Amino acid sequence: MHKRVLVVNGPNLNLLGTRRPEVYGTDTLADVERVATDAARDVGFDARCVQSNSEGALIDAIHAARHDCDGIVINAGAYTHTSIAIRDALEGVALPFAEVHISNVYAREPFRHHSHLSALAACVIAGAGIQGYDFAVRRLAALLAA
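These notes cover the structure that comes with them. Please read these numbers as outputs of a predicted model, since none were measured by experiment.

## So, the sheet that holds strand β5 (residues 123–126)
Taken together, the 5 strands give an open sheet; going across it, the order is β2-β1-β3-β4-β5, and neighbouring strands pair in parallel fashion. At either margin of the open sheet sits one strand with a lone partner, and together these are β2 (45–51) and β5. Neighbour-to-neighbour, the strand axes of the sheet open up by a mean angle of 20°, direction not taken into account. Where strand β1 (residues 3–9) meets β2, 7 bridges bridge the pair, whose relative direction is parallel. Its bridge partner lying in β2, Leu-6 is registered against Arg-48. Contacts from helix α2 (residues 29–42) reach β1 and β2 within the one sheet, and its direction differs from that of β2 by about 160°. Against the sheet, helix α3 (residues 55–68) makes contact with β1, β2 and β3 (71–75), and its axis sits at roughly 175° relative to β1, the strand it touches most.

And the structure:
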């Protein structure tokens, strides 16, 4: 069976490239998905990419991953700081996951410093731009191979 990683992007990440480029850069969601898909291919994985502004749709995608994915890369956007439901979904499917933030959330507003996901994450990557998705996929592959 071929290995697969689910790449989840949360609210407002569809606006990448135009929303606050001084914070998030000029790369688009398509660029993010290309970086993650290329990294997955390099380590022998497939990648399925999902983006939604809806918390329920993100939870449904996480639940579906338990049937055919080996790990998850997630940038939950603002839901990182607010959603117990997404945390519970990640805990419930019991797949290793990497938490990604394009910006350095610790250099931003104090409410962004707390993540409901980090304590469960296999790794947390913040402030590496979209390259963080490459790092996350490769780290998950290494963990799954161990």
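## Regarding the pattern of salt bridges
Taken as a whole, this structure holds 9 salt bridges when the rule is applied. Its salt-bridge partner being Arg-41, residue Asp-38 comes within 2.8 Å of it at the nearest N-O pair. Placement of the pair is Asp-38 and Arg-41 together in helix α2, with a separation of 3 residues, close to one helical turn. What makes Asp-38 partly exposed here is its relative accessible area of 26%. Residue Arg-41 is classed as exposed on the basis of its relative accessible area of 53%. The closest approach of N and O atoms between Asp-134 and Arg-138, which form a salt bridge, is 3.0 Å. With Asp-134 and Arg-138 both in helix α5 (residues 131–145) and 4 residues apart, this pair spans about one turn of that helix. Within this structure, Arg-4, Asp-46, Arg-48 and Asp-68 form a network of salt bridges that share partners.

## Some thoughts on the side chain of Asn-9
Considering the arrangement of structural elements, one finds Asn-9 in strand β1. Note on Asn-9: relative accessible area 0%, which makes it buried. Discounting residues that sit within four places of it in the chain, Asn-9 has contacts with Leu-29, Val-32, Val-50, Gln-51, Ser-52, Leu-58, Asn-75 and Tyr-133.

## Re helix α4 (residues 84–93)
Those residues of α4 that sit buried are Ile-86, Ala-89, Leu-90 and Val-93. Each buried residue of α4 lies within a common arc of 95° when the element is viewed along its axis, so the set occupies one face. Tucked inside the fold, the buried residues of α4 contact α3, β3 and β4 (97–101). With a side-chain oxygen positioned 3.4 Å from the backbone nitrogen of Ala-85, the residue opening α4 is Ser-83. In the stretch just after α4, Ala-94 is the one whose phi turns positive, near 55°.

## Here we look at the environment of Ala-141
In this fold, Ala-141 is placed in helix α5. With relative accessibility at 10%, the residue Ala-141 sits in the buried group. A sequence separation of 71 residues divides Ala-141 from Asp-70, and the C-alpha atoms of the two residues are 9.0 Å apart. If sequence neighbours within four positions are ignored, Ala-141 has contacts with Val-43 and Phe-45.

The rules we used
Residues numbered from 1 in each chain as written. Predicted model: local features only at pLDDT ≥ 70, side-chain atom pairs only at ≥ 80, totals over all residues. Heavy atoms only, no water. Pairing = 2+ DSSP bridges. Helix = DSSP H or I, 4+ residues; strand = E, 2+ residues; numbered from the N terminus. Axes fitted to C-alpha atoms, helices over the stretch in contact; angles between N-to-C directions. Contact = heavy atoms within 4.5 Å. Salt bridge = Lys/Arg side-chain N within 4 Å of Asp/Glu carboxyl O. Buried < 20%, exposed > 50% of the residue type's maximum accessible area, 1.4 Å probe, protein only. Arc of directions from axis to C-beta. Polar contact = N/O pair within 3.5 Å; in protein donor to acceptor, adjacent residues only side chain to side chain.

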